[in-house]
Amino acid sequence: MTTVTLRERRQITLPAEVVTAAGIQVNDELDVRVVCGVIQMVPRVGASPQRPKMSRFLGAATGVYGGSAEESDAYVRQQRDSW
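Note that the coordinates shown come from a computational prediction; the quantities given were computed from them, not determined experimentally. (Residues numbered from 1 in each chain as written. Predicted model: local features only at pLDDT ≥ 70, side-chain atom pairs only at ≥ 80, totals over all residues. Heavy atoms only, no water.)

Now for the side chain of aspartate 28. Positionally, aspartate 28 belongs in the loop between helix 1 (16-22) and strand 1 (30-35). On the accessibility criterion, aspartate 28 (16% relative accessible area) is buried. Among the polar contacts listed, one links the side chain of aspartate 28 to the backbone nitrogen of glutamine 25, at a separation of 2.8 Å. (Helix = DSSP H or I, 4+ residues; strand = E, 2+ residues; numbered from the N terminus. Buried < 20%, exposed > 50% of the residue type's maximum accessible area, 1.4 Å probe, protein only. Polar contact = N/O pair within 3.5 Å; in protein donor to acceptor, adjacent residues only side chain to side chain.)

Our focus in this paragraph is the pattern of salt bridges. Under the definition given, this model contains two salt bridges. A salt bridge links glutamate 29 to arginine 44; the nearest nitrogen and oxygen atoms lie 3.1 Å apart. You can see glutamate 29 sitting in the loop between helix 1 and strand 1 and its partner arginine 44 sitting in the loop between strand 2 (38-43) and helix 2 (69-81), a full 15 residues away along the chain. Judged by its relative accessible area of 43%, arginine 44 falls in the partly exposed class. Linking arginine 44 and aspartate 31 is a salt bridge whose minimum nitrogen-to-oxygen distance equals 3.4 Å. In this pair, arginine 44 is assigned in the loop between strand 2 and helix 2 and aspartate 31 in strand 1, connecting sequence segments 13 residues apart. Taken together, the shared-partner salt bridges connect Glu29, Asp31 and Arg44 into one network. (Salt bridge = Lys/Arg side-chain N within 4 Å of Asp/Glu carboxyl O.)

Time to look at the pairing of strand 1. Pairing geometry for strand 1 and strand 2, over six bridges, is antiparallel. Residue pairing for strand 2: valine 32 is matched across the bridge by methionine 41. If you look at the hairpin formed by strand 1 and strand 2, you'll find two residues sitting between the two strands, and cysteine 36 has a positive phi there, around 55°. (Pairing = 2+ DSSP bridges.)

In short, geometric facts, not functional conclusions.
Structural data, given as structure tokens:
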């Protein structure tokens, strides 16, 4: 675990190992929220001009698990039951 300090103007510096592990870069946008008293910082998908937007993958797996929502649900249920 790494410790950071909240500075006078409510700023923090993320340690290099955290930035590397999260796969974020300078100027990437992060969504910040508090969940059950825990501060979460989540990189925004497609927010970086240096990286492609994830939206280009939407629909890439259409039909892989069934032709309809019901067929997909049945496939997932079958897989879970096999565990």
